[in-house]
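Remarks on the overall topology
So you can see what is in the structure, the chains are spelled out below.
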Amino acid sequence: MATAPPIDLDAALIDALRAAPFVVALTGAGISAESGLATFRDAMDGLWARFDPRDLATPTAFARNPKLVWDWYAWRRERISMAQPNRGHFALAELERRAPRFLLVTQNVDGLHQRAGSRQLIELHGNIGRAKCSREGTVVGQWEAVAGAVPTCANCGAPLRPDVVWFGEPLPEVSLAAAEDAMHRCNVLLVVGTSAEVYPAAALPEMARQSGAIVVEINPNATALSAAANYVLRGAAGDVLPALLATLD
Ligand code: OAD
């Protein structure tokens, strides 16, 4: 098995993390890559390289072909149920226990952070493990599978849809407001495994920076955020986050 190169951590960054009263992490699909789940924008194997989001992740797509959309999310749900949280997820759960105050803001819908033990968490884009009535919006955690058809709302009979945010839809207002508030209050923001291209989540690191937080990018590749980050740690989340955590010992 290949060994990851040692992570070069700046002493000032370590001091800042140790001293920070409030640490926030913003995560994206990259943190689940080492669990075997595809990201969205990686050129070769990203989901949006293989599927067109306009057919699968918009309200219009669902109205046009609910079965196609439901089945695609069912396929992803199945893959997620077979995946396990990785060292990156576990390191963030441990950081929550160690930091005086900690919040995790995720764009991921896979629930792997919770399975790794994270509790202080905001899911900006919903959770694929839940569905909601496409007419009334009532959220459900379970539903009856219907062979060859989309499950329906027990109350009104309208098709159920995944409880995730699609392109063209607003983020849950309360969640976004809480995330923005945390950006203004945190001392260190770890931005992990996101291309920082999808708004409004992509605007959050700049809010933190403007309010004086130290912004740390953890990503093997350059992103839209890299130039504005105070520190850039080039590597996989499963290598870098445990290394960062170890500095707190
Ligand atoms: P992207 O696919 O846009 O970006 C994934 C990022 O993870 C890239 O910058 C990769 O370089 C990085 N990455 C890959 N492997 C990694 C690893 N092992 N460790 C750390 N980073 C790694 O995914 P998101 O930024 O999450 O929204 O995408 C944002 C939103 O766009 C998603 O929530 C989804 C998508 O469309 C909706 O579906 C609404």
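Residues numbered from 1 in each chain as written. Predicted model: local features only at pLDDT ≥ 70, side-chain atom pairs only at ≥ 80, totals over all residues. Heavy atoms only, no water.

**Focus on the sheet that holds strand S5 (residues 139–140)**
Strands in a sheet are paired, the pairing made by backbone hydrogen bonds, and the direction either parallel or antiparallel. Rules: Two strands are said to pair when DSSP picks up at least two bridges between them. Comment: elements are numbered from the N terminus, with helices defined as DSSP H or I runs of at least four residues and strands as E runs of at least two.
Taken in spatial order, the three strands make up an open sheet running S5-S4-S6, and their pairing is antiparallel. The sheet is open, and its two borders are formed by S5 and strand S6 (160–164), each paired with just one other strand. Where strand S4 (residues 126–133) lies against S5, two bridges are found, and the strand directions are antiparallel. In the strand pairing of S5, alanine 131 is matched with valine 140.

**So, the sheet that holds strand S3 (residues 121–123)**
Formally: Between N-to-C directions, angles cover 0 to 180 degrees, with each direction set by a line fitted to C-alpha atoms, over the stretch in contact for helices. Contacts are residue-level and defined by heavy atoms, with any inter-residue pair within 4.5 Å sufficient.
Sheet architecture is open: six strands sit in the order S3-S2-S1-S7-S8-S9, paired in parallel fashion. In the strand order of this sheet, the two ends are held by S3 and strand S9 (231–233), each with one partner. Adjacent strand axes in the sheet meet at a mean angle of 15°, parallel and antiparallel pairs treated alike. Taken together, the six bridges between strand S1 (residues 22–27) and strand S2 (residues 101–106) define a ladder with parallel strand orientation. The residue of S2 that forms the bridge with threonine 27 is threonine 106. Set on the sheet, helix H6 (residues 87–98) makes contact with S1, S2 and strand S7 (188–192); between it and S2 the angle comes to about 150°.

**Description of the domain arrangement of the protein chain**
One frequently used descriptor of interface size is the decrease in accessible area upon assembly of the parts. Keep this limit in mind: Residue ranges labeled as domains rest on an automatic or database domain assignment. Here the quantity called buried area is the total loss of accessible area, with a 1.4 Å probe, experienced by two parts when brought into contact, counted for both. Salt bridge, as used here, is a side-chain nitrogen of Lys or Arg placed within 4 Å of a carboxyl oxygen of Asp or Glu.
Partitioning the protein chain into domains gives domain 1 (8–37 + 85–125 + 170–249) and domain 2 (38–82 + 128–164). If you average the C-alpha positions of domain 1 and of domain 2, the two centres end up 27 Å apart. If you look at the interface, domain 1 gives 14 residues, while domain 2 gives 13 residues. Regarding the contact of domain 1 and domain 2, the summed buried area is about 980 Å², with carbon and sulfur atoms giving 54% of it. On the domain 1 side of the interface with domain 2, the three residues burying the most area are Ala29, Leu37 and Val109, jointly 48% of the side's total. Between domain 1 and domain 2 we count one salt bridge in total. Its salt-bridge partner being arginine 130, residue glutamate 123 comes within 3.7 Å of it at the nearest N-O pair.

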